[in-house]
Amino acid sequence: SQELEQSPQSLIVQEGKNLTINCTSSKTLYGLYWYKQKYGEGLIFLMMLQKGGEEKSHEKITAKLDEKKQQSSLHITASQPSHAGIYLCGADVGTGAGSYQLTFGKGTKLSVIP
Amino acid sequence: NAGVTQTPKFRILKIGQSMTLQCAQDMNHNYMYWYRQDPGMGLKLIYYSVGAGITDKGEVPNGYNVSRSTTEDFPLRLELAAPSQTSVYFCASSYWGGQGNTEAFFGQGTRLTVV
């Protein structure tokens, strides 16, 4: 079963606009990761969040982790065509047997219109 | 460092054929993973390994087998290929230590078509 829900599934924004992508887990989060994928290519690591309330930024992208809500958000400020792609959230989910599975959401497809 | 290396990049298989997707990492990571990505979808975990000699099933293990005889290598075996296995396959690795996990490093993917 899919344990990470991403919303929205797709997003079309005009260049210069801000946008937010959400990722919600049905299980306890031990680590939350954001990746970007260009169509047909591999995954590019963006940020990792491990502590409740943690917030990280890189250039115009900011990610926050709300541990109590088991939710993370990715915010892009003043979007550019280079931000277009698929954004994937991933999380370490405990298996109950002392190990962890790195599972992913279905992704959010972002298009930025010039 | 090479990171995570996957081979081949592309492959076409006939129904019923078998093949092995190779994955190697040179970062001394203990965790390794295999995912498949279908069009328009996220990554689904096939198998993962927490260290040499230890493997476990993910969400979609049927039709696949893995082994982890060394820390570096984590091959994925497809037996009796079926059209439903047409997908892009990604291998990844990470390091779980006392401070938790590092980010996962991904290979460039293998695009497999079963006809």
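The model shown is predicted, which means the values in this text are computed figures rather than measured ones. (Residues numbered from 1 in each chain as written. Chains lettered and ligands numbered in written order. Predicted model: local features only at pLDDT ≥ 70, side-chain atom pairs only at ≥ 80, totals over all residues. Heavy atoms only, no water.)

Looking now at the sheet that holds strand S8 (residues 76–78) of chain B. All names here are of chain B. The four strands are arranged S1-S3-S8-S7 in an open sheet whose pairing can be described as antiparallel. Among the strands making up the open sheet, the edge pair consists of strand S1 (4–7) and strand S7 (64–66). For this sheet, the mean inter-axis angle between neighbouring strands, taken without regard to orientation, is 20°. Summarising the sheet, S7 and S8 pair through three bridges and their orientation is antiparallel. For Asn65, the partnering residue across the bridge sits in S8 and is Arg77. (Pairing = 2+ DSSP bridges. Helix = DSSP H or I, 4+ residues; strand = E, 2+ residues; numbered from the N terminus. Axes fitted to C-alpha atoms, helices over the stretch in contact; angles between N-to-C directions.)

Now for the pattern of salt bridges. Residues and elements named next belong to chain B. Applying the stated criterion across every chain yields a total of four salt bridges over all chains. With its nearest N and O atoms 2.9 Å apart, the salt bridge here joins Arg36 to Asp38. Residue Arg36 is classed as buried on the basis of its relative accessible area of 10%. Classification of Asp38 by relative accessible area gives partly exposed; the value is 21%. Measuring nitrogen to oxygen at the nearest pair gives 3.1 Å for the salt bridge that ties Glu79 to Arg77. Given a relative accessible area of 37%, Glu79 falls into the partly exposed group. Accessibility expressed as a relative area gives 31% for Arg77, which makes it partly exposed. (Salt bridge = Lys/Arg side-chain N within 4 Å of Asp/Glu carboxyl O. Buried < 20%, exposed > 50% of the residue type's maximum accessible area, 1.4 Å probe, protein only.)

Looking now at the packing of aromatic side chains. Any two aromatic rings considered together are summarised by their centre-to-centre distance and by the angle between their planes. In this structure the tally under the stated criterion is 12 aromatic pairs over all chains. Here Tyr31 of chain B and Trp96 of chain B contribute two aromatic rings whose centre-to-centre distance is 6.0 Å and whose plane-to-plane angle is 45°, an arrangement assigned as tilted. Of the two residues, Tyr31 of chain B is situated in strand S4 (residues 31–37) and Trp96 of chain B in strand S10 (residues 96–97); the sequence distance between them amounts to 65 residues. By relative accessible area, which is 15% here, Trp96 of chain B ends up buried. Pairing Tyr35 of chain B with Phe106 of chain B gives two aromatic rings, centres 6.0 Å apart and planes at 35°, and the pair type is tilted. With Tyr35 of chain B in strand S4 and Phe106 of chain B in strand S12 (residues 105–106), this pair connects stretches of sequence that are 71 residues apart. The pair Tyr35 of chain B / Phe106 of chain B is uniform in exposure class, with both members buried. One aromatic cluster is present, formed by Tyr35, Phe45, Tyr100 and Phe104 of chain A together with Tyr31, Tyr33, Tyr35, Phe90, Trp96 and Phe106 of chain B through successive ring pairs. Sitting over the face of the ring of Phe74 of chain B, Arg68 of chain B holds its NZ or CZ atom 6.0 Å from the ring centroid. (Phe/Tyr/Trp six-rings, centres within 6.5 Å; stacked < 30°, edge-to-face > 60°. Lys NZ or Arg CZ within 6 Å of the ring centre and 35° of its normal.)

Turning to the environment of Ala91 of chain A, a few remarks are in order. All names here are of chain A. Among the structural elements, Ala91 can be located in strand S9 (residues 85–94). Along the sequence, Ala91 and Asp66 sit 25 residues apart, while their C-alpha atoms lie 13 Å from each other. Leaving out residues up to four positions away in the same chain, Ala91 has contacts with Leu4, Leu29, Gly31, Leu32, Tyr33, Gln101, Leu102 and Thr103. (Contact = heavy atoms within 4.5 Å.)

Listed as interface residues are 21 residues of chain A and, on the opposing side, 25 residues of chain B. Approximately 1800 Å² of surface area, both sides summed, lies buried where chain A meets chain B, with 54% of it carried by carbon and sulfur atoms. Taken together, the links from chain A to chain B amount to zero salt bridges. For the interface between chain A and chain B, the tally reads eight residue pairs in polar contact (both at pLDDT 80 or more). Elements with a contribution of two residues or more to the side of chain A that touches chain B: strand S4 (32–37), strand S5 (43–49), S9 and strand S10 (100–104) of chain A. The element that contributes the greatest number of residues to the side of chain A that touches chain B is S10 of chain A, accounting for four residues. For the side of chain A that touches chain B, the class distribution of residues is nine nonpolar, nine polar and three charged. (Buried area = accessible area lost by both parts, 1.4 Å probe. Polar contact = N/O pair within 3.5 Å; in protein donor to acceptor, adjacent residues only side chain to side chain. Nonpolar A, V, L, I, M, F, W, Y, C, P; charged D, E, K, R; others polar.)

The next point concerns the state of the cysteines. Considering all chains together, one arrives at two disulfides over all chains under this definition. A sulfur-sulfur separation of 2.0 Å characterises the disulfide bridge that pairs Cys23 of chain A with Cys89 of chain A. Disulfide Cys23 of chain A to Cys89 of chain A: torsion about the S-S bond roughly 70°, handedness right-handed. One end of the pair, Cys23 of chain A, is in strand S3 (residues 19–25); the other, Cys89 of chain A, is in strand S9, with 66 residues separating them in the sequence. Neither Cys23 of chain A nor Cys89 of chain A differs from the other in exposure class; each is buried. With its sulfur 1.8 Å from that of its partner, Cys23 of chain B forms a disulfide with Cys91 of chain B. Disulfide Cys23 of chain B to Cys91 of chain B: torsion about the S-S bond roughly -70°, handedness left-handed. Here the residue Cys23 of chain B occupies a position in strand S3 (residues 19–25), and Cys91 of chain B occupies one in strand S9 (residues 87–94), the gap between them amounting to 68 residues. As far as burial versus exposure is concerned, Cys23 of chain B and Cys91 of chain B are alike and both buried. (Disulfide = S-S within 2.5 Å.)

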